[in-house]
Amino acid sequence: MGDKEEFDEGEIEYTSYAGEHHLPLIMSLVDQELSEPYSIFTYRYFVYLWPQLCFLAFHKGKCIGTVVCKMGEHRQTYRGYIAMLVVIKPYRGRGLATELVTRSIKVMMESGCEEVALEAEVSNKGALALYGRLGFIRAKRLHHYYLNGMDAFRLKLLFPRPHVPQLVSQDETEPEHEIFPRPRD
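Worth saying up front: this structure is predicted, and the values here are computed from it rather than measured.

What counts and how
- Residues numbered from 1 in each chain as written.
- Predicted model: local features only at pLDDT ≥ 70, side-chain atom pairs only at ≥ 80, totals over all residues.
- Heavy atoms only, no water.
- Pairing = 2+ DSSP bridges.
- Helix = DSSP H or I, 4+ residues; strand = E, 2+ residues; numbered from the N terminus.
- Axes fitted to C-alpha atoms, helices over the stretch in contact; angles between N-to-C directions.
- Contact = heavy atoms within 4.5 Å.
- Parallel < 35°, antiparallel > 145°, perpendicular 65-115°, else oblique.
- Left-handed = near helix turned anticlockwise from the far one by under 90°.
- Nonpolar A, V, L, I, M, F, W, Y, C, P; charged D, E, K, R; others polar.

### A look at the sheet that holds strand 1 (residues 12-16)
1) Next: An order of 1-2-3-4-5-7-6 is seen for the seven strands of this open sheet, with the pairing classed as mixed. Edge strands, defined here as strands with exactly one partner in the open sheet, are strand 1 and strand 6 (137-142). Here the strands of the sheet are splayed against their neighbours by 25° on average, with no regard to which way each runs.
2) Next: The pairing of strand 3 (residues 62-74) with strand 4 (residues 77-87) spans ten bridges and is classified as antiparallel. Bridging from a neighbouring strand, G65 pairs with V87 of strand 4.
3) Next: Across the sheet, helix 4 (residues 125-133) lies against strand 4, strand 5 (115-121), strand 6 and strand 7 (152-158), angled at about 160° from strand 5, the strand it touches most.

### Points about the packing of helix 1 (residues 23-33) against helix 2 (residues 40-49)
1) Next: Closest axis-to-axis distance for the helix 1/helix 2 pair is 11 Å, and the angle between their directions is 120°. Taken together, the axes of helix 1 and helix 2 are oblique relative to one another. As for how helix 1 packs across helix 2, the hand of that crossing is right-handed. Within the contact between the two elements, helix 1 uses L23, I26, M27, V30 and D31 and helix 2 uses I40, Y43, R44 and V47.
2) Next: Residues of the contact of helix 1 with helix 2, tallied by class, amount to seven nonpolar, no polar and two charged.

Pasting the structure below:
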């Protein structure tokens, strides 16, 4: 097997978090691929409170990717948050991360989120490119954000607000002073 795993798109199965048996799979992927260490309590916080925002990708029964998210109130905004995204190296660059993130964003939108946020290492070119393609903007640089001393970018995806037409009352449509007075009965 070379650098890239050979597979057909139809061979990849995506599933929502379905219980405790998925937790070790998520933990193993994140621990081997991400720079930040997380305790089991961190994982449980996300997957127990927001299981509908956690997705896993499988190829022939092997877990090859995951996304872990949450949503809630943040400064008068209902915000989604992508906490962890991993696709193992042989499967990268084939759209799996895009599919995982898109699935979670769709649930966030349907749940009423106004935006989605996350942090990515400034040196993680792949992640920055992925999120850029999905419409995320770099909102802020966070200096020494990670335990390894690296900076991060806070990335945000803002959802368009539905346009609600303003209703104008009858009184507001009449000018204060009529140029041509209307005939009175």
